[in-house]
Amino acid sequence: MPRAGSYGPVDGGGAGFSYDEATLRELVREWNELANEFASDLNAARLIAITDGPGLEYASEGNAELIRQSGSALTTTLEEREAYCRAMAGKFQAALGKYATAEDTHSTSIKGTGGSL
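### Structural notes on helix α1 (residues 21–49)
In a regular helix each residue adds 1.5 Å, so 29 residues correspond to 42 Å; α1 covers 42 Å between its end C-alpha atoms and thus fits that length. Its axis deflected by about 25° at Asn 43, α1 carries its strongest bend there. All of the buried residues along α1 are Thr 23, Leu 24, Leu 27, Val 28, Ala 35, Phe 38, Leu 42 and Ala 45.

### Notes on the packing of aromatic side chains
Evaluation of the coordinates by the stated rule reveals two aromatic pairs. Between the aromatic rings of Tyr 19 and Phe 92, the centroid separation amounts to 5.8 Å while the plane-to-plane angle is 75°, which identifies the pairing as edge-to-face. Here Tyr 19, found in the loop between β2 (15–18) and α1, pairs with Phe 92, found in helix α2 (residues 58–112); they are 73 residues apart in sequence, far enough to count as distant. Judged by centre distance (5.8 Å) and plane angle (75°), the ring pair of Trp 31 and Tyr 84 falls under edge-to-face. You can see Trp 31 sitting in helix α1 and its partner Tyr 84 sitting in helix α2, a full 53 residues away along the chain.

### A short note on the pattern of salt bridges
On inspection of all chains with the given rule, the structure shows seven salt bridges. With a shortest N-O distance of 2.3 Å, Glu 33 and Arg 29 are connected by a salt bridge. Here Glu 33 pairs with Arg 29, and both are found in helix α1, just four residues apart, close to one helical turn. Glu 33 gets classed as partly exposed once you look at its relative accessible area, which sits at 39%. Its salt-bridge partner being Arg 68, residue Glu 61 comes within 2.5 Å of it at the nearest N-O pair. Of the residues examined, Arg 68 reaches a relative accessible area of 18% and is grouped as buried. Each of Glu 26, Arg 29 and Glu 33 takes part in a single network of salt bridges with overlapping partners.

### Things to note about the environment of Arg 46
Counting through the fold element by element, Arg 46 comes out in helix α1. For the pair Arg 46 and Thr 76, spaced 30 residues apart in sequence, the C-alpha to C-alpha distance is 9.8 Å. What Arg 46 contacts, discounting residues up to four positions off in sequence, is Thr 75 and Glu 79.

### Overview of the side chain of Ser 60
With respect to the helices and strands, Ser 60 occurs in helix α2. The exposure class of Ser 60 is buried, given its relative accessible area of 8%. In this structure, Ser 60 is in contact with Gly 53, Pro 54 and Gly 55, ignoring residues within four places of it in sequence.

### Looking at the environment of Glu 80
In this structure, Glu 80 sits in helix α2. The class of Glu 80 is partly exposed, set by a relative accessible area of 47%. Between the C-alpha atoms of Glu 80 and Phe 38, which are 42 residues apart in sequence, the distance is 9.2 Å.

Cut-offs used in this document
- Residues numbered from 1 in each chain as written.
- Predicted model: local features only at pLDDT ≥ 70, side-chain atom pairs only at ≥ 80, totals over all residues.
- Heavy atoms only, no water.
- Helix = DSSP H or I, 4+ residues; strand = E, 2+ residues; numbered from the N terminus.
- Expected span 1.5 Å × (residues − 1).
- Bend = angle between axes of the 7 residues up to and from the residue.
- Buried < 20%, exposed > 50% of the residue type's maximum accessible area, 1.4 Å probe, protein only.
- Phe/Tyr/Trp six-rings, centres within 6.5 Å; stacked < 30°, edge-to-face > 60°.
- Salt bridge = Lys/Arg side-chain N within 4 Å of Asp/Glu carboxyl O.
- Contact = heavy atoms within 4.5 Å.

In structure tokens, the structure reads:
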């Protein structure tokens, strides 16, 4: 019987991971929290991406341009990381939905035969 985070055959198919309902809920929460952290970091990255040089001379502007490029790359990376985390949370949420549907189906089957849970 699968336990939280167990690895082995899934539904008679090939190997895969199986999670219990509590683990699925925790994974959704953790992936969303991580995505929220990336989203929060985006605010700081956007400030870096629009920075101005400390002075009006060429060296200051050249330095600021490099900082803006770095901030832009950081912004892009953080946006990608946030999207990845949201996608992972979505996958675990979908699995949780399938889990709930399977539970309902099995409960209905048991009750239909006169049993109880």
